[in-house]
Amino acid sequence: MNNRHTSEAKPQTIYLKDYQEPKYLIETVDLNFILEAEYTRVVSRLTITHNPDNSAKHAALELLGEELTLISVAVNGVALTDSQYTLTDESLTIIDVPQNTTFTLAIENTINPKANSALEGLFVSNDMLCTQCEAQGFRKITYFLDRPDVMARFTTTLIADKTLYPVLLSNGNKVAHGELIDNRHWVTWEDPFKKPCYLFALVAGQLECIEDQFTTMSGRNITLQIFVETHDMDKCAHAMQSLKNAMRWDEQVYGREYDLDLYMIVAVGHFNMGAMENKGLNVFNTKFVLARPDTATDMDYEHIEGVIGHEYFHNWSGNRITCRDWFQLSLKEGFTVFRDQEFTADQTSRAVKRIDDVNALRTRQFAEDAGPLAHPIRPEAYIEINNFYTLTVYEKGAEVVRMLRTILGTENFHKGADLYFQRHDGQAVTCEHFVQAMEDANARDLSQFRRWYAQAGTPEIKVEQAYDADTQTFNLTLSQSIPGQENAAVLHIPIKVALLAANGTVMDAHLSDVASMNKEFTLELTQQTQDFVFENVTGNPVLSILRDFSAPVKLQISRPLIDLAFLLQHDNDSFNRWEAGQQLVASIIFELIENLKQDKNLAIPDILVTSFKAILEQPTTDLSYLACLLSLPAETYLAEQMLVVDVDAIHLARQFVKRSLAEHLSEQFTTLYLQYNQGETGELNSEAIGKRRIKNLCLDYLTQLDSDNSYQLANAQFASAKTMTDQIAALGSIVNSENPQKQAYLEQFYQQWQGEALVIDKWFSLQASSSQQGTFDVVQSLLHHAAFDLKNPNRVRSLVSAFSQANAIHYHAKNGQGYQFLADQVIALNSLNPQVASRMVSALTQWRKFDKQRQDLMQQQLERIISSENISKDVFEIASKSLAK
């Protein structure tokens, strides 16, 4: 049966303003899969009714579907003829359906999972069948109303060969199973909760399971299962413990209890994303499940716990309450990222977690906000929704939620969250509903705060300060603006501040019109320019501003190095103390860059050495935080501060500072390294993690000296390492030095770990991000390595993304070879996996920030990508918007 119409119209833009309620709703979905890798048969039976909230009369029923072969269609048991429906490459439209009554629609179609290299819908990963349906993958399984505001109850029956697919999983609870002829079996799953189709999941394969139990706060016993391939069974313990930690945390902090009797996680080797929160059946990238001390780093362990927490928290902030439309993506993602950030902060070092989150935001999201792809956390338009799973929607979205908590206070914020969960359980809603719940729970007008959802760009806050000794007042003037946007909305911005006395203590003061004395203040900036007067200030203070990074903004503030050094030594806000050190080093690096331009001799000022020496001499209980204080700002962050990025000068100046500190403090770094490079147990408690983090930072500094002693330290650590944290740190020090044995160690590492895909990803990334000469040739050769697979997103990210996003000095080579290399891979990936390809293009989108020669070279590659044959709408959107004037 085929009356298909094809279309080659250019990609269409979808607008938020055009949203309309669905004409029809689906009440129940009964799915039957006969699973085979190259020919899967799908039979769906839908119970459909007219939507009373849509006034359209006698409307045709349009279902979305892509890459499907239609077999039959029936309404209320009567098969339709070709003339009763229209079929295109993207839809199935039933011209005349029963009105004012519920009816059933039965559709049978086939799909080829093995040919699905895009990894959306049903696909094959290492002989396993699995799904990814967010955002619009379900339409690649069967014809459906594939939109998040259509929520239905699903029953799924899976039929497959017992030998090839002994494990058959789907959403909800297993309600029946049985045997069939020809070595086949079947399992039926039933999900009692309504959900949109993007939360549908199935997995079939030869999998092993580890099982545990969790008792909820109401006394219910929940079965927890993690499914992996056999050789990964010994790498699941941390993931299981992380899940139990997340479940308990969500009960204690948000009062949210899990609602099914079974919670399943499946680890998949081929996956476009980090993980997916499908109701009751989370599908995870193996990167965020598998861990053993000798195969995963401390950072891997933390990320696993964070991502498992994130997907679990989605059960309420994403599943029970979901998005009305995809423009509201930050409703579930921003809120859930905030929740997982707080979870990780409670499980680890809160100070270090905040620093890590802000580092990611400022080095990557701020660049996104300043570039041609800038968009609000609630976008107004898109061509391909997969392109809006961005740092803005996720990380900036989380900062907007954090600001709400700062403005309302923790207790009142949770009142608002409770009302939101209570009011909208089982609904598909908008960002407006979330803010409205916060307002209603606290009788607080948040009208101005709502502008954060619609305003793109990073606000800049100009800071002016003056102290009057006669009146003992300190005047602080704050002005807000967004560069390049003269008519930008005036936002509601919380700014945390404190005043430090000359002895380093926080001063007591009070704001005018506020009677009580305080040590810390949350200023609410709601005007273009606003004055804040502090009274009873007994001496000229040093201002600590934007404490705990209370808003996602940039500060324009003039500070002498001596003030930054003072804050680095004394500020009691852990974030601002670290930030003072970053600004101190950055100021010195930018001065060195100017000296490089003028061919002046380079030298670092004594204040930097004495500041670092003082930090090293101070007692501390948080060694991970100490490592943060001693770390230099990243090249990507420094580049973000420049109007025109000078890649070479940034690298040279930063390396000069790093080597100079190593020379001046080699004794201290060596002592600290030797102190903590002993008694390694491989434990994962905060003390052991802190010891490894500071030890490996010291090794990194010492390696800058390129001395026989530093080589011996790195070589010895590589040989004796008990953890992947120590082994990969040692190998990184070897690879990023002139160590004469680097090739031998790289080969030894590969031979040791070639059976562990995630470890080999690290091997690729380490070489791709090396600043040493010859790296580009190495990267090109690795494309042809037997272990490289362009169809595996993890492997592509480990090589291509590591080179283009974490190796500025080589990727931005003046001859443009790095840009051409990236464009080659984007074009190759475009036909295999458009979603991964489009994300690779991001390394070309900031071309306006560079010198004219590099601008021209990057534009040439963007134009080449756009003009390539059969360009996907994913890649077209990113590349075309990047070039738009």
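See the structure printed just above.
First things first, this report covers the structure right here in the doc. Quantities reported herein were computed from a predicted structural model and do not represent experimental measurements. (Residues numbered from 1 in each chain as written. Predicted model: local features only at pLDDT ≥ 70, side-chain atom pairs only at ≥ 80, totals over all residues. Heavy atoms only, no water.)

With that settled, the discussion passes to the overall build of the chain. In terms of helices and strands, the chain carries 26 helices and 33 strands. Relative to the 2.2 N^0.38 estimate, which gives 29 Å for 885 residues, the radius of gyration of the chain is 28 Å and therefore close to what a compact globule would have. Taken along its principal axes, the extent of the C-alpha atoms in the chain is 90 × 70 × 60 Å. A burial count over the chain gives 59% of its 885 residues as buried. At a minimum sequence separation of 6, the contacts of the chain that also span at least 24 residues come to 71%. Summing over all exposed atoms, the chain offers an accessible surface of approximately 34,400 Å²; the carbon and sulfur share of this is 48%. (Helix = DSSP H or I, 4+ residues; strand = E, 2+ residues; numbered from the N terminus. Rg over C-alpha atoms; globule rule 2.2 N^0.38 Å. Buried < 20%, exposed > 50% of the residue type's maximum accessible area, 1.4 Å probe, protein only. Contact = heavy atoms within 4.5 Å. Areas by Shrake-Rupley, 256 points an atom, 1.4 Å probe, with all protein chains shown as cover.)

Taken together, the eight strands give an open sheet; going across it, the order is β7-β6-β10-β4-β3-β13-β16-β15, and neighbouring strands pair in mixed fashion. Each having just a single partner strand, β7 (78–79) and β15 (173–179) make up the two edges of the open sheet. As defined by bridge partners, β15 adjoins strand β16 (residues 184–190) across six bridges and the pair is classed as antiparallel. By the bridge assignment for β16, E179 is matched with H185. (Pairing = 2+ DSSP bridges.)

This paragraph deals with the sheet that holds strand β30 (residues 521–525). Backbone-to-backbone hydrogen bonds pair the strands of a sheet. The strands run either parallel or antiparallel. On the basis of which strands lie adjacent, the open sheet formed by three strands has the order β30-β28-β32 and antiparallel pairing. The open sheet terminates on both sides in strands that have one partner only, identified here as β30 and β32 (542–545). The mean inter-strand angle of the sheet, taken between neighbouring strand axes irrespective of direction, is 35°. Relative to β32, strand β28 (residues 493–500) is paired through four bridges, and the arrangement is antiparallel. Directly across from V497, in β32, lies its bridge partner I545. (Axes fitted to C-alpha atoms, helices over the stretch in contact; angles between N-to-C directions.)

Before going further, it helps to spend a moment on the pattern of salt bridges. Pairing of side chains with opposite charge becomes possible as their charged atoms draw close. Counted by the stated rule, this structure contains 61 salt bridges. Residues D259 and R320 are paired through a salt bridge, measuring 2.7 Å at the closest nitrogen-oxygen approach. Taken as a pair, D259 in the loop between α1 (237–254) and β20 (262–268) and R320 in the loop between α2 (298–313) and β23 (322–323) lie far apart in primary sequence, 61 residues in all. For the pair formed by D259 and R320, the shared burial category is buried. (Salt bridge = Lys/Arg side-chain N within 4 Å of Asp/Glu carboxyl O.)

Here the focus is the packing of aromatic side chains. One pass over the full model with this rule turns up 43 aromatic pairs. An angle of 55° between the planes, with centres 6.3 Å apart, marks the rings of Y382 and F388 as tilted. With a centroid separation of 6.1 Å and an interplanar angle of 80°, the aromatic rings of F776 and F821 are classed as edge-to-face. With F776 in helix α20 (residues 775–782) and F821 in helix α23 (residues 817–830), the pair connects residues that are 45 residues apart, well separated along the chain. Per residue, the accessibility class of F776 equals that of F821, and both read buried. Between the NZ or CZ atom of K279 and the centre of the ring of F193, over which it lies, the distance is 4.5 Å. Here R324 stacks its cationic end above the ring of Y19, 3.7 Å away from the centre of that ring. (Phe/Tyr/Trp six-rings, centres within 6.5 Å; stacked < 30°, edge-to-face > 60°. Lys NZ or Arg CZ within 6 Å of the ring centre and 35° of its normal.)

Let us now look at empty space enclosed by the protein. Within the structure shown, the criterion is met by two cavities of 30 Å³ or more. The calculated volume of the largest cavity comes to roughly 60 Å³. Along its surface, the largest cavity is lined by S330, L331, G334, F335, I377, G397, V401, C431, F434 and Y453. Of all the elements, helix α3 (residues 329–347) adds the most residues to the lining of the largest cavity, at four residues. Its residues placed into classes, the lining of the largest cavity shows seven nonpolar, three polar and no charged. Space inside the second largest cavity adds up to approximately 30 Å³. Forming the boundary of the second largest cavity are Y263, E277, N278, K279, G280, N282, E311, Y312, N315 and N319. (1 Å grid on protein atoms, 1.4 Å probe; cavity = no way out; pocket = protein on both sides within 12 Å on 5 of 7 lines; lining within 4 Å. Points joined across faces, edges and corners; volume = space filled by probe spheres on them. Nonpolar A, V, L, I, M, F, W, Y, C, P; charged D, E, K, R; others polar.)

Moving on to the environment of A787. Locating A787 in the fold gives a position in the loop between α20 and α21 (793–806). Relative accessible area serves as the criterion here: at 18%, A787 is assigned to the buried category. Considering only alpha carbons, one finds A787 and I760, 27 residues apart in sequence, at a separation of 8.2 Å. In this structure A787 touches Y750, I760, F764 and R795, once residues within four positions along its chain are discounted.

Let us now look at helix α14 (residues 666–676). By the burial criterion, the buried members of α14 are F669, L672, Y673 and Y676. Down the axis of α14, the smallest arc covering the buried residues is 100°, so these residues share one side. Packed against the buried residues of α14 are α10 (606–617), α11 (623–629), α13 (647–664), α15 (686–703) and α16 (708–720). (Arc of directions from axis to C-beta.)

Turning next to helix α19 (residues 757–768). Its 12 residues give α19 an end-to-end C-alpha distance of 17 Å, which sits within 8% of 16 Å, the value for a rise of 1.5 Å per residue. Among the 12 residues of α19, nine are classified as buried, and the element is accordingly described as predominantly covered. In this structure, the buried side of α19 is in contact with α2, α17 (724–735), α18 (742–753), α20 and α21. (Expected span 1.5 Å × (residues − 1).)

In short, geometric facts, not functional conclusions.
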